[in-house]
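# Residue-level structural notes
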2 protein chains.
Amino acid sequence: MKPGQLTDAEIQIALTQVSGWNLEGRELVKTFSFSCYLAGIDFVSRLAFAAEAMNHHPELFIGWRKVSVRLSTHSSGGLTQLDFSLAGQADALMGNQGTTSPEPV
Amino acid sequence: MKPGQLTDAEIQIALTQVSGWNLEGRELVKTFSFSCYLAGIDFVSRLAFAAEAMNHHPELFIGWRKVSVRLSTHSSGGLTQLDFSLAGQADALMGNQGTTSPEPV
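Read on for an overview of the structure. What you see is a predicted model; the values in this text were computed from it and never measured.

### Topic: the packing of aromatic side chains
Enumeration according to the criterion identifies eight aromatic pairs over all chains in this entry. Measuring from ring centre to ring centre gives 6.2 Å for A:Y37 and A:W64, while their planes differ by 20 degrees; the resulting arrangement is stacked. In this pair, A:Y37 sits in helix α2 (residues 37–54) while A:W64 sits in the loop between β3 (59–63) and β4 (66–71), placing the two residues 27 residues apart along the sequence. The class for A:Y37 is buried, based on a relative accessible area of 2%. Here the aromatic rings of B:F32 and B:F43 are separated by 4.8 Å at their centres, their planes lie at 45 degrees, and the arrangement is tilted. Note that B:F32 is positioned in strand β2 (residues 27–34) and B:F43 in helix α2 (residues 37–54), a separation of 11 residues in sequence. Residue B:F32 shares its accessibility class with B:F43, and that shared class is buried.

Dropping the structure here:
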């Protein structure tokens, strides 16, 4: 196990501290829904700046009024606290501007 | 065949008028590479505004200094002139800020 990589038990605890995020393999994934297309783009821009500040960049998929965020720490081969920190920032950026959606974009 | 949908022959002609775009099924796809992460985000923002103005929205995948653009006209069940128009706008937005890459992000 590489430095920083969370154990399965630690991941389960961390998952209780964020809302609507799902594990897919070794990735943390959530799809956000928006009332209009450009609201999703604004979310992406703000999340990207937060990611750049952390030097920890998510994969982002932009669809029609939906944005999927996919987090992992490639250098650690799994999930780390960085991923959960960025997940929390994504949720905070949303505020009341959108809703989350369980289905993929 | 639905209104507006290009024939295979028309698609082949249109492909000669854009650079670096590939057909994947009924979609027009290109991956753009950037010198830094935020340059890719800036490209996405500008392309999104162009897309909104056309009311024709691409699927966008943002990776590490790479952005994949995937175009199709769902209402027509295939490719239309709208897709090639937006492809041309994406290329124009790039200017000299980035290079194109054949590999997926």
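There's plenty left to go through after this.
### With respect to the environment of A:S85
Residue and element names in this part refer to chain A. Along the polypeptide, S85 turns up in helix α3 (residues 81–94). In this structure S85 comes out as partly exposed when scored by relative accessible area, which is 35%. Between the C-alpha atom of S85 and that of M54, which follows or precedes it by 31 residues, the distance is 9.5 Å.

### Description of the interface of chain B and chain A
Each partner contributes residues to the interface: chain B has 15 residues there, and chain A has 15 residues. Here chain B packs against chain A, burying approximately 1600 Å² in sum over the two surfaces, 73% of which is carbon and sulfur. Ranking the residues of chain B by area buried against chain A places B:Y37, B:L38 and B:I62 at the top, with a combined share of 31%. Counting only elements with at least two residues in the side of chain B that touches chain A, the list comes to α2 and β3 (59–63) of chain B. If one sorts the elements of the side of chain B that touches chain A by residue count, α2(B) sits on top with eight residues. Of the residues in the side of chain B that touches chain A, the class split is 11 nonpolar, two polar and two charged. Bridge count between β3(A) and β3(B): three bridges; the pairing is antiparallel. The residue of β3(B) that forms the bridge with A:L60 is B:I62.

Calculation notes
Residues numbered from 1 in each chain as written. Chains lettered and ligands numbered in written order. Predicted model: local features only at pLDDT ≥ 70, side-chain atom pairs only at ≥ 80, totals over all residues. Heavy atoms only, no water. Phe/Tyr/Trp six-rings, centres within 6.5 Å; stacked < 30°, edge-to-face > 60°. Helix = DSSP H or I, 4+ residues; strand = E, 2+ residues; numbered from the N terminus. Buried < 20%, exposed > 50% of the residue type's maximum accessible area, 1.4 Å probe, protein only. Contact = heavy atoms within 4.5 Å. Buried area = accessible area lost by both parts, 1.4 Å probe. Nonpolar A, V, L, I, M, F, W, Y, C, P; charged D, E, K, R; others polar. Pairing = 2+ DSSP bridges.

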